[in-house]
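Residue-level listing of the chains:
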Amino acid sequence: MSGRVDIFIEWGLQLIQCFLDEAPPYFLQLSEGADDGKEPDFLPDGRLGRRQVYLGARSLASEVVVHQLNALVDQVLLILASWILPPEWAHTADAMSRSRKQLLRALEERYGVNVADLPGWSQVERLREDANSLKHRGGESLPETGPGGLISTQRADIGAETLQKGVEEVRRWLLALWNTTEGAKSTASSNHWLQPPAP
């Protein structure tokens, strides 16, 4: 029996897509309803008015999509890598804490694939950078020195179109990775979706 990680990928993306479709628009709608001129954006006691709270919640919902897409990539890489490395590798705290770079290297060496050549890679990398910037720096990228010595940063893009593209490109890349690695051994009738494929 072979593992159906492609189904696991689709399940994860279905949930993320549903959240993206429903949560940010919901908070935007609430913010528009609160924009009735009766309450200021910033209250005298220092708290936010309802409209600003709803707009902030919309941003938080959008950030969740970035983090969950990035986490799904890491989950799939860990599943695939745990199948091809010695059994003891996947059953220690150190093994479960391997970096994405280490997981990718293991898969590249085992299957002779360059992950950066698979469709969707640039968006996967951008999501990783955005997730890190949101987690550690409030959405700011690390400073870069440009022409003339000017230092610049970028903000994580959590707009609806960018997030929708992220869902689509993560799907493309993960499924391409799956089809290039263990997916080639998969059978359509397998029900053991997360078990390692038979040799």
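Source: prediction; values computed, not measured.

### So, empty space enclosed by the protein
- In the structure shown here, the tally under the stated rule is one cavity of 30 Å³ or more.
- The calculated volume of the largest cavity comes to roughly 40 Å³.
- Lining the largest cavity we find Val66, Gln123, Arg126, Leu127, Asp130, Asp157, Thr162 and Leu163.
- Looking at the lining of the largest cavity, the elements that each hand over two or more residues are helix H5 (121–137) and helix H6 (160–180).
- Per-element accounting of the lining of the largest cavity gives the leading share, four residues, to H5.
- Residue composition of the lining of the largest cavity, by class: three nonpolar, two polar and three charged.

### Digging into the side chain of Gln52
- Structurally, the position occupied by Gln52 is in helix H2 (residues 50–84).
- Separated by 3.2 Å, the side chains of Gln52 and Asp41 make a polar contact.
- In this view, Gln52 contacts Asp41 and Phe42; residues no more than four positions away in its chain are not counted.

Here is what the cut-offs are and how they apply
Residues numbered from 1 in each chain as written. Predicted model: local features only at pLDDT ≥ 70, side-chain atom pairs only at ≥ 80, totals over all residues. Heavy atoms only, no water. 1 Å grid on protein atoms, 1.4 Å probe; cavity = no way out; pocket = protein on both sides within 12 Å on 5 of 7 lines; lining within 4 Å. Points joined across faces, edges and corners; volume = space filled by probe spheres on them. Helix = DSSP H or I, 4+ residues; strand = E, 2+ residues; numbered from the N terminus. Nonpolar A, V, L, I, M, F, W, Y, C, P; charged D, E, K, R; others polar. Polar contact = N/O pair within 3.5 Å; in protein donor to acceptor, adjacent residues only side chain to side chain. Contact = heavy atoms within 4.5 Å.

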